[in-house]
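Here is how the chains run, residue by residue.
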Amino acid sequence: MTICIIGGGISGLSLAFFLSQADRTIEINVYESQDRIGGKIWTDRRDGFVCEAGVNGFLDNKPATLELSKQIGINPVRSNDNSRRRFIYLNGKLREIPDKPLTFLFSDFLSLSGRLNMVMEFMRPPRSKDDESMQDFALRRVGREFFEKLLDPLASGIYAGDPSKLSIRSCFTKVYDLERNYGGLIKGFIALAKEKKKAGKKVEAGPGGILHSFENGMYSMIESLRDVLGDRIKVSTKVVAIHRKSDRYIVYFEDGRQTESDVVVLTTPAYETSKILSDLDKELSSLVSRIPYPPLTVVALGYKNSDIKNVDLNGFGFLVPAMQKRRILGTLFDTSIFSKRAPEGYSLLRTMIGGARYPHLAMLDDDKIVNMTIEELSDILGIEADPHLVRIYRWEQAIPQYNVGHYKILEDIEMALSRHKGLYLSGNAFKGVAVNDCIANSLLLSQTIIKGYKDGI
Ligand SMILES: Cc1cc2nc3c(=O)[nH]c(=O)nc-3n(C[C@H](O)[C@H](O)[C@H](O)COP(=O)(O)OP(=O)(O)OC[C@H]3O[C@@H](n4cnc5c(N)ncnc54)[C@H](O)[C@@H]3O)c2cc1C
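The structure reproduced in this document is the subject of the present report. (Residues numbered from 1 in each chain as written. Predicted model: local features only at pLDDT ≥ 70, side-chain atom pairs only at ≥ 80, totals over all residues. Heavy atoms only, no water.)

Overview of the packing of aromatic side chains
Summed over all chains, the structure comprises 11 aromatic pairs. Between W42 and Y393, the aromatic rings sit 6.1 Å apart at their centres with planes inclined by 85°, giving edge-to-face as the arrangement. Of this pair, W42 sits in the loop between β2 (27-31) and β3 (43-46) while Y393 is found in strand β19 (residues 389-395), placing the two residues 351 residues apart along the sequence. One aromatic cluster in this structure is built from F104, F109 and F146. Positioned above the aromatic ring of W42 is the side chain of R36, whose terminal nitrogen or guanidinium carbon lies 3.8 Å from the ring centre. (Phe/Tyr/Trp six-rings, centres within 6.5 Å; stacked < 30°, edge-to-face > 60°. Helix = DSSP H or I, 4+ residues; strand = E, 2+ residues; numbered from the N terminus. Lys NZ or Arg CZ within 6 Å of the ring centre and 35° of its normal.)

Brief notes about unusual backbone geometry
Even without being a glycine, D47 presents a positive backbone phi close to 50°. Turning to its location among the elements, D47 is positioned in the loop between β3 and β4 (49-52). Positive phi, normally seen in glycine, also occurs at K340, with a value near 60°. Here K340 is to be found in the loop between α13 (334-337) and β18 (346-354).

So, the layout of surface pockets
Any space left empty among the atoms is revealed by the rolling of a water-sized probe across them. Considering only enclosed or pocket space, the second largest pocket measures out at about 610 Å³ in volume. Taken together, 22 residues form the lining of the second largest pocket, with E414, Y424, L425, K431 and L445 sitting closest to its centre. In terms of residues, the lining of the second largest pocket owes the most to one element, helix α17 (residues 435-455), which gives 6 residues. Grouping the amino acids of the lining of the second largest pocket by side-chain chemistry returns 10 nonpolar, 8 polar and 4 charged. (1 Å grid on protein atoms, 1.4 Å probe; cavity = no way out; pocket = protein on both sides within 12 Å on 5 of 7 lines; lining within 4 Å. Points joined across faces, edges and corners; volume = space filled by probe spheres on them. Nonpolar A, V, L, I, M, F, W, Y, C, P; charged D, E, K, R; others polar.)

Here's the deal with the packing of helix α1 (residues 10-22) against helix α2 (residues 64-72)
Where α1 contacts α2, the axes come no closer than 12 Å and their chain directions differ by 60°. By the angle class used here, α1 and α2 are oblique. Remark: the crossing between α1 and α2 carries left-handed chirality. Together, S14, F17 and F18 of α1 and L68, Q71 and I72 of α2 make up the contact between the two elements. Per-class residue counts for the contact of α1 with α2 are 4 nonpolar, 2 polar and no charged. (Axes fitted to C-alpha atoms, helices over the stretch in contact; angles between N-to-C directions. Parallel < 35°, antiparallel > 145°, perpendicular 65-115°, else oblique. Left-handed = near helix turned anticlockwise from the far one by under 90°. Contact = heavy atoms within 4.5 Å.)

Below is the structure:
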């Protein structure tokens, strides 16, 4: 069997790895358009700074990335304990988010009425809706203050998204299921805690999970996969179309070459997948094109510690709720999260700009975006010094948005795909944007592909 995987991000590379482990007779080729594999995972290591251009790390509350790391022989590193301190920018100050439900309830992070509104969730009847926005769901169940101060910045932190558009069903499936299965969120948490206790498992308050990466950054994982996969990976090879030829596919490259394959898996971003599929199946191509990707720019600034003596960077970083009307989505205190991210005596901060709400800000030119970031950090953190290091990483189409109705797009895609034996779509556009999801989906897909081929379907 020959398998052609299009796209050399973590989805494509992990799929190639799992397939290669499952059956050594399969001929696997991974085609990547850029001269570097990894997609949104890239660690820029220069001048003693270990700077993530995109992905920052992964949580250990799902096993996928930890297990893959073990299989390819690299050791993850755990984030520092002080990075459990997370902040929200509220009315001119950074407020630490209380990390336990009871501490949260008794803190003044929310006003008394905000807290009462939250507790009243227990009494609110469930409403059965196929899908609704994260904002509508939150306003209906936990009230405006909880939404504006916590859930809204969370939507920026994970999706760089607009919660009035993001789907609760597709983005926060576990939360959506709590209402459907248990009649409410608090009822659901209590029921799940009881079930876990009964099964002798540890009961945790929230989704939990501790952030991990690797000593030299997330790109270490890509380098290890590259070493294992070797010449199965072809860089600088852009795929432009696929056609069907009896029971195989012809894959066309930008430079005019072509190849044939029994199985084709597209792990490219949805807007590229749509273009590649446009000759083969117009309906499928148009369905995939409905998943939007707003731009996001990461501005990394490095400071001499002696220049920012009075600034407290002890923690994970902060997020900014939309109602605060600032020009940045949030900032990560990289040197507090992981060790060895900057030379001795320096600190590294990375600020996110743009996303679904402020796409125009992500597109500002270099000088403007850096000056804007410096102004915002001066106002929010009190940093007055000039940065020693400035780096800008632009993702013009950054994170796929699972907007209301995303689940219906997925159902229609499944239906359309059933017309094309041996063709699969994967990548973060569909069932989970986190690296953990991409790897878990690749493992499942590798099993489906091998079973499908053996069964002749
Ligand atoms: C700024 C940023 C920060 C993030 N931070 C985190 C984080 O901290 N933790 C986390 O879990 N997730 C994070 N994510 C999400 C995360 O990036 C991913 O979901 C994951 O890395 C996506 O991997 P992928 O392989 O599905 O897609 P991609 O990484 O987008 O890979 C797709 C690949 O396909 C290639 N390609 C495109 N077109 C073609 C073509 N025509 N032919 C051949 N190849 C092509 C691309 O060059 C690319 O290499 C972040 C995303 C962004 C943008």
